[in-house]
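Reading the structure
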Amino acid sequence: MSSNLLSTFNPFKTYAKLSWYDDNPVIVKLFSYQLSQYSPSIYAELLIIIDSDNFNDFKNIDSFSIQDRLVDVWFEPELYHPSLNMTFFPGPFQFCVIQYEFTNFPLSDLDLSYSNYNTGKVISLKCIDPIFYQMTLDQKITDFPKSTISDVVKKIVSNNGSTLKEFTDTDYAYNWLQLQMTDYEMIRSMLPYSRATDKSLLYTFFMMNKEAYFAPIGTSNLAPIKFNIDMIKNAEGTFKTFDMKPFIEKYGSIDSLYSTHNGFSNFENVVPTTMNKQSYSTTKNENKQHKGIATRYVPTGVEDKTLQEIYISNIRHRMHAFSRIIAFENQAIPEITPLNCIEMISEEDGNTKELDGIYYILEIKYIFGMTNKHPLIPKMILTLSSELDSKGMQKPEGKAVV
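So, here's what we can say about the structure. (Residues numbered from 1 in each chain as written. Predicted model: local features only at pLDDT ≥ 70, side-chain atom pairs only at ≥ 80, totals over all residues. Heavy atoms only, no water.)

Scanning the protein from N- to C-terminus turns up 7 helices and 22 strands. In the protein, of all internal contacts separated by at least 6 residues, the share reaching a separation of at least 24 is 77%. (Helix = DSSP H or I, 4+ residues; strand = E, 2+ residues; numbered from the N terminus. Contact = heavy atoms within 4.5 Å.)

In structure tokens:
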């Protein structure tokens, strides 16, 4: 799948249905949503157009609780991209409204040509996944005796009436206690201790369309989505790149980062494991880049030695995953999530340049208009990261490059 997309989607119109509103469907002038490694849910914003005569009907939203302010968004008749010869999920995307406001975003003749009214109001709706919102409401006290983290997540998701969309089992059982935490806080607190059966780390959790995603980032990196960037043809400012190499060199060495616990009986230091899985291709140059400067101790919240090792290994890998960060825009390729990987192919006069490599997705934001062309061509904004050194394909273990 390539990013060299000169065409757009086949013609579509974007609509929404509001649970508290009688005059459905409504026109969606702009629809954006984003997912990230560090957000618990899909976050979305809609600009909708309603007839001014129906304003009081819309204001019924104030009498509904947030979990009952339900919105469905869809593309009609479909979301088909001829260049890719692919049909993507057309909806309905399902949300609840946490905030709304009236906006000065202008109406145009083209907007009104899709309606039966001569006047209209533009309203911004800020939305999240309804199951996620439900998971943040109540603090609970629950025990999960001798359970893997994946088993705990399955139970919590099921208890909230949701299903699993993408899921990877974890490998270590423990006596977990949810002590006056919401369901989301419980899952989030276990992510640093999560390790897959194949020893992969860097788990993330998010809700989208009332379905749960729980897996290591880059789960789909065996078939990364490819983007070609010509460093000459691409305009200045199309992308930007930066790294956190000083931070990584200070804290990221395997021989100088330790986990410790000031608990009841276990006072041992725990050393992180090496990173058995990175985003970049291992066939590239394997020079070493980082060295330990001084010993760093990180306290853990549990006394169990295996969980300490998983915890400190997750922290170390997270540090290295920021070796390089890239942000850029491209025409939309829907259904990419933080569980995918992106392969950047950067060239200048046919020669590979330093952006070349495979990256995790820190964040992705999609923006769609009312049609496939108005008021904009559907696009996505990507923020990517990788263990790559800022000067090329490097192996992030051991001493610094000389």
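Let's shift gears to the packing of helix α4 (residues 149-159) against helix α5 (residues 183-190). Their axes nearest at 11 Å, the elements α4 and α5 cross at an angle of 165 degrees. Of the possible angle classes, the one that applies to α4 and α5 is roughly antiparallel. At the point where α4 passes α5, the crossing takes the left-handed sense. On α5, the residues that touch Ile149, Val152, Val153 and Ile156 of α4 are Asp183, Met186, Ile187 and Met190. (Axes fitted to C-alpha atoms, helices over the stretch in contact; angles between N-to-C directions. Parallel < 35°, antiparallel > 145°, perpendicular 65-115°, else oblique. Left-handed = near helix turned anticlockwise from the far one by under 90°.)

With that settled, consider the sheet that holds strand β10 (residues 163-167). Across the sheet, 3 strands lie side by side as β10-β13-β12; this open sheet has mixed pairing. Both outer strands of the open sheet, β10 and β12 (203-208), are each paired with one neighbouring strand and no more. Adjacent strand axes in the sheet meet at a mean angle of 20 degrees when their direction is disregarded. Pairing of β12 with strand β13 (residues 211-216), which is carried by 6 bridges, proceeds in the antiparallel orientation. Directly across from Phe206, in β13, lies its bridge partner Tyr213. (Pairing = 2+ DSSP bridges.)

Below, the discussion takes up the side chain of Ser150. When you line up the elements, Ser150 lands in helix α4. Judged by relative accessible area, Ser150 falls into the buried class, the value being 1%. Engagement of the side chain of Ser150 in a polar contact is seen with the side chain of Thr148, the distance being 3.1 Å. Side chain to side chain, Ser150 and Asp169 meet in a polar contact 3.5 Å long. Look past the residues within four positions of Ser150 in its chain and what remains in contact with it is Phe167, Thr168, Asp169, Thr170 and Phe214. (Buried < 20%, exposed > 50% of the residue type's maximum accessible area, 1.4 Å probe, protein only. Polar contact = N/O pair within 3.5 Å; in protein donor to acceptor, adjacent residues only side chain to side chain.)

Going through the model one piece at a time under the given rule, you end up with 28 aromatic pairs. Chaining the aromatic ring pairs together yields one cluster made of Phe9, Phe12, Phe31, Tyr33, Phe75, Phe88, Phe89, Phe93, Phe95, Tyr366 and Phe368. Sitting over the ring of Phe55, Lys121 keeps its end group 5.6 Å from the ring centre. (Phe/Tyr/Trp six-rings, centres within 6.5 Å; stacked < 30°, edge-to-face > 60°. Lys NZ or Arg CZ within 6 Å of the ring centre and 35° of its normal.)

Next up on the list: the pairing of strand β7 (residues 93-102). The pairing of strand β4 (residues 70-76) with β7 spans 4 bridges and is antiparallel. Looking at the pairing, Val71 lines up with Phe95 of β7. Sheet topology places β7 next to strand β8 (residues 121-128); 6 bridges connect them, and they run antiparallel. Paired with Tyr100 across the bridge in β8 is Leu125.

Once that is clear, we can look at helix α7 (residues 305-320). Because each turn of an α-helix spans 3.6 residues, side chains separated by three or four positions end up pointing in the same direction. Over its 16 residues, α7 extends 23 Å from the first C-alpha to the last, a length consistent with the 22 Å expected when each residue adds 1.5 Å. Along α7, 12 of the 16 residues are buried, which leaves the element largely enclosed by surrounding structure. Sitting at the amino-terminal end of α7 is Asp304, which places a side-chain oxygen 3.1 Å from the backbone nitrogen of Thr306. (Expected span 1.5 Å × (residues − 1).)

Looking at the secondary structure, you find Leu202 in the loop between α5 and β12. Separated by 10 residues in the primary sequence, Leu202 and Pro192 have C-alpha atoms spaced 7.6 Å apart. Every residue in contact with Leu202, bar those within four places of it in the chain, is listed here: Ala215, Pro216, Ile217, Asn314, His317, Arg318 and Tyr360.

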